[in-house]
Amino acid sequence: MSQPEQEIKRTENVGGTDEQGSDRVEKPSLGLLAEDATTVLENIVAAQQVGVQVYLGVPEDGPEAVPRIADALGAETVELPTTDASRTELSEYLSVHATANSVSGLIIPEDSTVRLDIEASLDAAAADSFITPAVTEPETQKIEVLVGVPAYNEATAIEDVVTEAQEYADEVLVVDDASDDDTAAIARNAGATVVEHEENQGYGGALKTVFEEADTWGTDHLVILDGDGQHDPSDIRCAVETQEESDADIVIGSRFVGDVKSDLPLYRRIGLVVVNTLTNLSLGIVRGGSWVRDTQSGFRTYNQRAVESLSQDSSISTRMSASTDILYHAHQHDYDIEEFGTRVDYDVEDPSSHNPVSHGLTLVKNILKTIERERPMTTLGFPGFASAFAGLGFGYWTFSNYLSSGTFPMGLAITSAFFALAGIFACFTAIILHSLNTHLDE
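Calculation notes
Residues numbered from 1 in each chain as written. Predicted model: local features only at pLDDT ≥ 70, side-chain atom pairs only at ≥ 80, totals over all residues. Heavy atoms only, no water. Helix = DSSP H or I, 4+ residues; strand = E, 2+ residues; numbered from the N terminus. Buried < 20%, exposed > 50% of the residue type's maximum accessible area, 1.4 Å probe, protein only. Contact = heavy atoms within 4.5 Å. Areas by Shrake-Rupley, 256 points an atom, 1.4 Å probe, with all protein chains shown as cover. Axes fitted to C-alpha atoms, helices over the stretch in contact; angles between N-to-C directions. Parallel < 35°, antiparallel > 145°, perpendicular 65-115°, else oblique. Left-handed = near helix turned anticlockwise from the far one by under 90°. Nonpolar A, V, L, I, M, F, W, Y, C, P; charged D, E, K, R; others polar. Pairing = 2+ DSSP bridges. Core = buried A, V, L, I, M, F, W, Y, C linked by side-chain atoms within 4.5 Å. 1 Å grid on protein atoms, 1.4 Å probe; cavity = no way out; pocket = protein on both sides within 12 Å on 5 of 7 lines; lining within 4 Å. Points joined across faces, edges and corners; volume = space filled by probe spheres on them. Phe/Tyr/Trp six-rings, centres within 6.5 Å; stacked < 30°, edge-to-face > 60°.

### Observations concerning the overall build of the protein chain
Part 1 of the argument: Regarding its fold elements, the protein chain presents 15 helices and 12 strands.
Part 2 of the argument: Classification of the 442 residues of the protein chain by burial places 43% in the buried group.
Part 3 of the argument: In the protein chain, the share of contacts with a sequence separation of at least 24, taken over all contacts with a separation of at least 6, comes to 70%.
Part 4 of the argument: Working note: accessible area of the protein chain is about 23400 Å², and carbon and sulfur atoms make up 52% of it.

Below, the structure is given as structure tokens:
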């Protein structure tokens, strides 16, 4: 049938019913060609979900499985008389068949194996045109390296951080944690994708948003940098290479690995030694080979598996202790951790606004709570047994003095009772907590 004949038939069918009195299909149909590709079937399903009829042209010697599955999905197959015709000619065959079935219009893609945006195609369908080119889904660029920057009042440094990070990343994401300055606007003007918090949620809260966004983007490597410029963006390449070579789930830029030396103030160095030691012990790490040397480094790289699980973990703190919580998460999921040497610049304007002493004390308190919760036999059981044993020793000393002198030593008796009761109480508490942990694990 020629194109003018198609136009005549279409004009005759305007008005709601065709010559046989059947209801006219108001919504355009989708015309596809049977090709051996799963996206053809995906397009059929997508069309059916929004109530769009599908006509599938099946050329001679075409794939056998696609028409059979398409028929089961509700598509109407149309046998095409040739396999050598051009795509335009094959489309005309579909048009003739659709017109004969009183279809109001036909949406035909240039390539049936490309994912189609059915809703956009329907919106693009014009009333005065029978055939409408299908709208394809926009191609999503693969984000191999995404740099995430939690930022709060970093207007003085964020532009340099974004600009330098863009040299080594496919995309830079800045999460502005309700800053009082122009951090968000400056980062956006520098070319970053910016997510803004309406209320301040803390460093951990900003990190959670980074993980959630990175999970939706499906990035291979998520690199976290501080927004104050203390980290060197040129180390992003080394972090990614380390992750690719080691296949580690988490790569940490460490101030204590290799020959790279940071100008770390003495009081910070001492505090980090204490925090690193307690953190590793709380994780049950005693062997040097498994020791995480810089547990508080904010320069970390996560693979897709780690990003997905961290984005769903609600137990991670919204505050600065999030760095430690992430290590606990990694330990629970048996993630591999690697470290590489990096230098942290402390000679920057307006570095961390957190008091290092109070921050350190808070970390130590949280770590001790975790040790007590996760390892009650170590923190309470063994010390409790030692205390009870010491109470028995003081008790023996008390009765020995009484028998030899005839005078009851009240001080030694009180000491003996104190150590014995404290030890017994600690042992029972450790046993109860250990039993609860075992029950919950099961």
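### Focus: the packing of helix H8 (residues 202-217) against helix H11 (residues 304-311)
Angle between the axes and distance between the axes: these two values describe a pair of packed helices.
Part 1 of the argument: Their axes nearest at 8 Å, the elements H8 and H11 cross at an angle of 125°. One way to sum up the angle between H8 and H11 is to call them oblique. Viewed along their axes, H8 and H11 form a crossing whose handedness is left-handed. In this structure, H8 contributes Phe211, Glu212, Ala214 and Asp215 to the contact, and H11 contributes Val307, Glu308, Leu310 and Ser311.
Part 2 of the argument: The residue inventory of the contact of H8 with H11, partitioned by class, reads four nonpolar, one polar and three charged.

### Here's the deal with H11
Part 1 of the argument: Listing the buried residues of H11 in full gives Ala306, Val307, Ser309, Leu310 and Ser311.
Part 2 of the argument: Looking at the buried side of H11, the elements it contacts are H8, strand S9 (221-224), strand S10 (250-254), strand S11 (300-303) and helix H12 (322-332).

### Considerations on the sheet that holds strand S5 (residues 131-133)
Part 1 of the argument: Spatially, the five strands line up as an open sheet ordered S3-S2-S1-S4-S5, and their pairing is parallel. Unpaired on one side and paired on the other, strand S3 (76-79) and S5 mark the two borders of the sheet. Between one strand and the next, the sheet's axes are offset by a mean angle of 30°, whatever the strand orientation.
Part 2 of the argument: Bridge analysis of strand S1 (residues 29-33) against strand S2 (residues 54-58) gives four bridges, and the strand direction is parallel. The residue bridging leucine 30 from the neighbouring strand is valine 54, located in S2.

### Observations regarding H12
Part 1 of the argument: Of all 11 residues in H12, nine are buried; the element is thus mostly enclosed.
Part 2 of the argument: Restricting attention to buried positions, one finds in H12 the residues Ala322, Ser323, Thr324, Asp325, Ile326, Leu327, Tyr328, His329 and Ala330.

### Notes on the nonpolar core
Part 1 of the argument: Within the largest apolar cluster, 27 residues are counted, with the highest numbers of intra-cluster contacts made by Leu222, Ile250, Tyr302 and Ile326.
Part 2 of the argument: Among the elements of the structure, strand S7 (171-176), H8, S9, S10, H11 and H12 are those that each provide at least two residues to this core.
Part 3 of the argument: The dominant element in this core, judged by the number of residues it contributes, is H8, at six residues.
Part 4 of the argument: In this structure, Ala165, Val172, Val194 and Phe340 belong to the second largest nonpolar core, which totals 25 residues.

### Describing empty space enclosed by the protein
Part 1 of the argument: On inspection of all chains with the given rule, the structure shows one cavity of 30 Å³ or more.
Part 2 of the argument: In terms of lining, the largest cavity is formed by Tyr203, Leu207, Ile224, Ser297, Gly298, Arg300, Tyr302, Ser323 and Ile326.
Part 3 of the argument: Every element with two or more residues in the lining of the largest cavity is listed here: H8, S11 and H12.
Part 4 of the argument: A class-by-class count of the residues in the lining of the largest cavity yields five nonpolar, three polar and one charged.

### A look at the packing of aromatic side chains
Centre-to-centre distance and the angle between the planes together describe a pair of aromatic rings.
Part 1 of the argument: Applying the stated rule across the entire model yields six aromatic pairs.
Part 2 of the argument: Measuring from centroid to centroid gives 5.8 Å for phenylalanine 299 and phenylalanine 340, while their planes differ by 80°, and the two rings are edge-to-face. Within this pair, whereas phenylalanine 299 is found in the loop between helix H10 (266-282) and S11, its partner phenylalanine 340 is found in strand S12 (residues 337-341), the two being separated by 41 residues in sequence. Of the two residues examined, phenylalanine 299 and phenylalanine 340, each falls in the buried class.
Part 3 of the argument: A ring pair is formed by tyrosine 402 and phenylalanine 408, whose centres lie 6.0 Å apart and whose planes are at 70°; its orientation type is edge-to-face.
Part 4 of the argument: Taking the relative accessible area as the measure of exposure, tyrosine 402 reaches 37% and is therefore partly exposed.
Part 5 of the argument: Look at phenylalanine 408 and you get partly exposed, because its relative accessible area is 38%.
Part 6 of the argument: Taken together, Phe394, Trp397, Phe418 and Phe419 form an aromatic cluster joined through their ring pairs.

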